[in-house]
Amino acid sequence: MKQTDNLSESTSIADRLGIPAPLFWGFVGLLFFMIGDGVEAGYLAPYLEGQGISSRDTALLFTIYGVTVSLSSWASGPLSDLWGPKRVMWIGLAIWGVFEVAFLTFGVAVNSYPIMLAAYTMRGFGYPLFTYGFLVWIAAATPPRQLGSAAGWFWFAFSGGLPTLGSLFASFSIPLIGEMATFWSSLALVMFGGLLALLMTREPIGSRRLAPAGTRPGTIFFSSISILWREPKTFVAMIVRTINTSSEYAFLVIMPAFFTKVIGFSLSQWLQLLSIIFLSNILVNLVSGITADRLGHRTVVALFGCVGAAITVPLFYYVPQMFPGNFPIAAAMGALYGATIAAFVPLSGLVPQICPKEKAAALSALGLGAGASTWVGPAIVTWFENWHGIEGIIWIFSGLYAASALLTLVLTVSPEARRYIDTAAARGDVAEEVTAGH
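Residues numbered from 1 in each chain as written. Predicted model: local features only at pLDDT ≥ 70, side-chain atom pairs only at ≥ 80, totals over all residues. Heavy atoms only, no water.

**A word on the side chain of Ser-275**
Step number 1: Structurally, Ser-275 can be placed in helix α13 (residues 267–295).
Step number 2: Classification of Ser-275 by relative accessible area gives buried; the value is 5%.
Step number 3: The residues contacting Ser-275, other than those within four sequence positions of it, are Thr-164, Ser-167 and Leu-168. (Helix = DSSP H or I, 4+ residues; strand = E, 2+ residues; numbered from the N terminus. Buried < 20%, exposed > 50% of the residue type's maximum accessible area, 1.4 Å probe, protein only. Contact = heavy atoms within 4.5 Å.)

**What to know about a nonpolar patch on the surface**
Step number 1: On the surface, Phe-24, Trp-25, Trp-90, Leu-195, Leu-199 and Met-200 cluster together into a nonpolar patch covering about 530 Å² of accessible area.
Step number 2: Those elements that provide at least two residues to the nonpolar patch are α3 (24–38) and α10 (179–200).
Step number 3: Sorting elements by how many residues they give to the nonpolar patch places α10 first, with 3 residues.
Step number 4: When you line up the elements, Leu-199 lands in helix α10. (Patch = residues over 30% accessible without salt bridge, like charges linked within 9 Å, V, L, I, M, F, W, Y side chains within 5 Å. Areas by Shrake-Rupley, 256 points an atom, 1.4 Å probe, with all protein chains shown as cover. Salt bridge = Lys/Arg side-chain N within 4 Å of Asp/Glu carboxyl O.)

**A short note on the packing of helix α8 (residues 126–141) against helix α17 (residues 359–407)**
Step number 1: The geometry of α8 relative to α17 is characterised by a closest axis approach of 10 Å and an angle of 145° between their N-to-C directions. Every pair of crossing elements has a handedness; the one defined by α8 and α17 is right-handed. Across the interface between the two elements, Tyr-127, Tyr-132, Leu-135, Val-136 and Ala-139 from α8 touch Lys-359, Ala-360, Leu-363, Ala-370 and Thr-374 from α17.
Step number 2: The residue inventory of the contact of α8 with α17, partitioned by class, reads 8 nonpolar, 1 polar and 1 charged. (Axes fitted to C-alpha atoms, helices over the stretch in contact; angles between N-to-C directions. Left-handed = near helix turned anticlockwise from the far one by under 90°. Nonpolar A, V, L, I, M, F, W, Y, C, P; charged D, E, K, R; others polar.)

**Regarding the domain arrangement of the protein**
Step number 1: Domains assigned within the protein are domain 1 (14–215) and domain 2 (226–428).
Step number 2: Each partner contributes to the interface: domain 1 provides 45 residues, whereas domain 2 provides 44 residues.
Step number 3: Between domain 1 and domain 2, the buried area comes to about 3700 Å², and carbon and sulfur atoms account for 68% of it.
Step number 4: Joining domain 1 to domain 2, the criterion identifies 8 residue pairs in polar contact (both at pLDDT 80 or more).
Step number 5: Looking at the side of domain 1 that touches domain 2, the elements that each hand over two or more residues are α4 (44–50), α5 (55–83), α8 and α9 (147–177).
Step number 6: Sort the elements by how many residues they give to the side of domain 1 that touches domain 2 and α9 lands first, with 19 residues.
Step number 7: Split into classes, the residues belonging to the side of domain 1 that touches domain 2 amount to 27 nonpolar, 14 polar and 4 charged. (Domains from an automatic or database assignment. Buried area = accessible area lost by both parts, 1.4 Å probe. Polar contact = N/O pair within 3.5 Å; in protein donor to acceptor, adjacent residues only side chain to side chain.)

As structure tokens, this is what we get:
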């Protein structure tokens, strides 16, 4: 029986939940990897500022880090085509570990900003190769009927770690073992999750080159860029994906001080608030992916994601100021915000359907947008904080989400793409569907 038959006919609990059964341990490992990656998310900025690093330098650190994340997010697609997703994940895990050690030992421990900037920037190449390499693997080994649910589970695990459970872990570990030991614990969690995913997942498609034999590396990399103008819808999807989580990364820079100094929360309360925001996020990640398989991917993204976020971003800023120190009110607004950010998840199921012959290249465009959001958000803070402060930044993001709702109108699956998907599904040949057309 072929691997694709196993994927299509399995009656395992994992398949009934929408998780491709052969990739189950990859999802579990991804969750632990992202918990480790998310440990620092809620407190790195205030920690550095407490060590005398200016808020502007902190924002620059996050911005430059985001640039390498963006490049790595794009590269994960063509590298997976060239070497196979599993090898790309190994490389990402190694990069993360090596440069985290350098960041903590030679940067944070001795308060050397230049070393911190260099090591953190290089570490930015690590997690996208691991995570988005796995996303390409999912697209390569998952039937079209299950893509929305599988994408939902991917983002469930991704956001479950960064920063939901990562921040929750930090909120309890910092009082017990201190801030530096908590930083080091993130390394242990990342290594555990990465090794669990890579050693326990034996699905064969991810271990081999996805591009057809004989395809030159230059052609593979060029196709992952040229698809942006050959298939303009992928460019639009990239922009929407960039807008999606850009506010999240901006808020990690500006909101710790806002909630601790203006609203009156302690650092632990802020970290718990962040966990609540992304607990809502991970739950809706899953729900939105499953819902999109029924209501339509574009509908969920446009209405619940774009329009919803345009409304909840201002609510998250203004309502807590009306009730200073009131944690339940702030948590409720944060949960609404986290839910709307999660409603963009169906993009990961929609884009492979828009370009079914070049899934890895299309997902590279989406990965480029996801990576870009990690520097676009902090860059907006760097550029506009002196304009109208946090309030001005809030309205910039609200406007961007409203604009993204209009952009989603063009994200339709063409009749030709639909016929190709239906034909491939009837054959049950997932692997051929992914690699054809490069």
